[in-house]
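Structural overview for review
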Amino acid sequence: SALYYFVDETRPGGGRFQLKRVRLDGTQREVLATVAGPLPGTRYYPSRLYPLATIAADGRRLATGCFLGDGHAARAPWGLLVIDLASGAVTVPLAGDTWINIHPQYGRAADAAAGRDLLVQENHGARYDAAGVVSARHITPRLAALGRGRREARSDRRTAVHGLRLCPRVLL
C-alpha cells in the first residue's frame, strides 16, 4: 500500500540521500531516513545506490547496495545498506570489493525468526575506478573457479552458500 523511493544526491565521498515513502493514493508522504555524511560507525559515504531494493517480509527493513568509496582510493568497497524503516537507522553489514551489483533479496518466510534472512550476490573480477564507475565485468578462469556465489545471510547467523566457496557469517 506504499511506494518507497530514494532521492539520491550522492557522489563518491559526499552528498546525501533520503529514503521516502508515499501511500499509493499519493497521501502521507514522509522521509524515513536521511544520510548526509559518513554512515554511522564507519568512514563510508554511500553513492551509486543500487536502483532496486528489497523489503523484509515483516516490513521492518529495506536493503539495497551502494558504492562506499571516497572517489580517490583504488579498489574502494561496495556494500549492503540495511535501513530500519521505523527508526531510520542505517547499517552496513557487508562491505568489500566483491559486493558490486549485490542484488539483495529478503526471504519471504512466514517464520518471524527467518524474516531477517537476506540473499545477496557476490561478484568476483569486476573492474571499476576510484569513483565506482564500472569499466568491465571480467571474470578470469581462476576467479570463475571460485565462483560468482550468492550468500544467504540467515537469521540463525549461518550463511548458506549458492556457489562454489564457503563464505563467512553475516548478522543482519
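Residues numbered from 1 in each chain as written. Predicted model: local features only at pLDDT ≥ 70, side-chain atom pairs only at ≥ 80, totals over all residues. Heavy atoms only, no water.

1. Quick look at the pattern of salt bridges
- In the structure shown here, the tally under the stated rule is five salt bridges.
- The salt bridge partner of R23 is D25, with a shortest N-O separation of 3.7 Å. (Salt bridge = Lys/Arg side-chain N within 4 Å of Asp/Glu carboxyl O.)

2. Quick word on the nonpolar core
- Residues L80 and V120 are the most contacted members of the largest nonpolar core, which totals 16 residues.
- Among the secondary structure elements, those contributing two or more residues to this core are β5 (61-67), β6 (78-84), β9 (118-121) and β10 (126-128).
- No other element matches β6, which puts three residues into this core.
- One finds F17, L32, A33 and L81 within the second-largest nonpolar core, a separate group that totals 15 residues. (Core = buried A, V, L, I, M, F, W, Y, C linked by side-chain atoms within 4.5 Å. Buried < 20%, exposed > 50% of the residue type's maximum accessible area, 1.4 Å probe, protein only. Helix = DSSP H or I, 4+ residues; strand = E, 2+ residues; numbered from the N terminus.)

3. Considering the environment of G14
- Its place among the elements puts G14 in strand β2 (residues 14-23).
- With relative accessibility at 6%, the residue G14 sits in the buried group.
- When the C-alpha atoms of G14 and A36 are compared, they prove to be 7.5 Å apart, with 22 residues separating the residues in sequence.
- In this structure G14 touches Y45 and P46, once residues within four positions along its chain are discounted. (Contact = heavy atoms within 4.5 Å.)

4. Some points on the confidence of the model for the protein chain
- Residue-level pLDDT values for the protein chain average 80, and 77% of them are 70 or greater.
- When the criterion is pLDDT under 50, residues 153-172 qualifies, and its contacts beyond four places in sequence or with other chains add up to 53 contacts. (pLDDT = per-residue confidence, 0-100.)

5. Things to note about the pairing of β2
- Here strand β1 (residues 2-11) runs beside β2; their pairing, made up of ten bridges, is antiparallel. Across the sheet, the residue bridging to L3 is V22, located in β2.
- Connecting β1 to the next strand, β2, in antiparallel fashion are two residues, including G13 with a positive phi near 90 degrees.
- Bridge count between β2 and strand β3 (residues 30-35): five bridges; the pairing is antiparallel. (Pairing = 2+ DSSP bridges.)

6. Structural notes on the sheet that holds β3
- Within the open sheet, the three strands sit side by side as β1-β2-β3. Their pairing is antiparallel. Of all the strands in the sheet, just β1 and β3 have a single pairing partner and so form its edges. Across the sheet, the mean angle separating the axes of adjacent strands is 15 degrees when strand polarity is ignored. (Axes fitted to C-alpha atoms, helices over the stretch in contact; angles between N-to-C directions.)

7. Overview of the packing of aromatic side chains
- Evaluated as defined, the whole model comprises four aromatic pairs.
- Here the aromatic rings of F6 and F17 are separated by 5.7 Å at their centres, their planes lie at 70 degrees, and the arrangement is edge-to-face. Placement of F6 in strand β1 and of F17 in strand β2 is noted, with a sequence separation of eleven residues between them.
- Their ring planes at 80 degrees and their centres at 6.1 Å tell us that F67 and Y128 sit as a pair that is edge-to-face. Residue F67 is located in strand β5, and its partner Y128 is located in strand β10; the two are separated by 61 residues in the primary sequence. Of the two residues, F67 and Y128, both sit in the buried class.
- An aromatic cluster is built from F67, W78 and Y128, whose rings are joined through pairwise contacts. (Phe/Tyr/Trp six-rings, centres within 6.5 Å; stacked < 30°, edge-to-face > 60°.)

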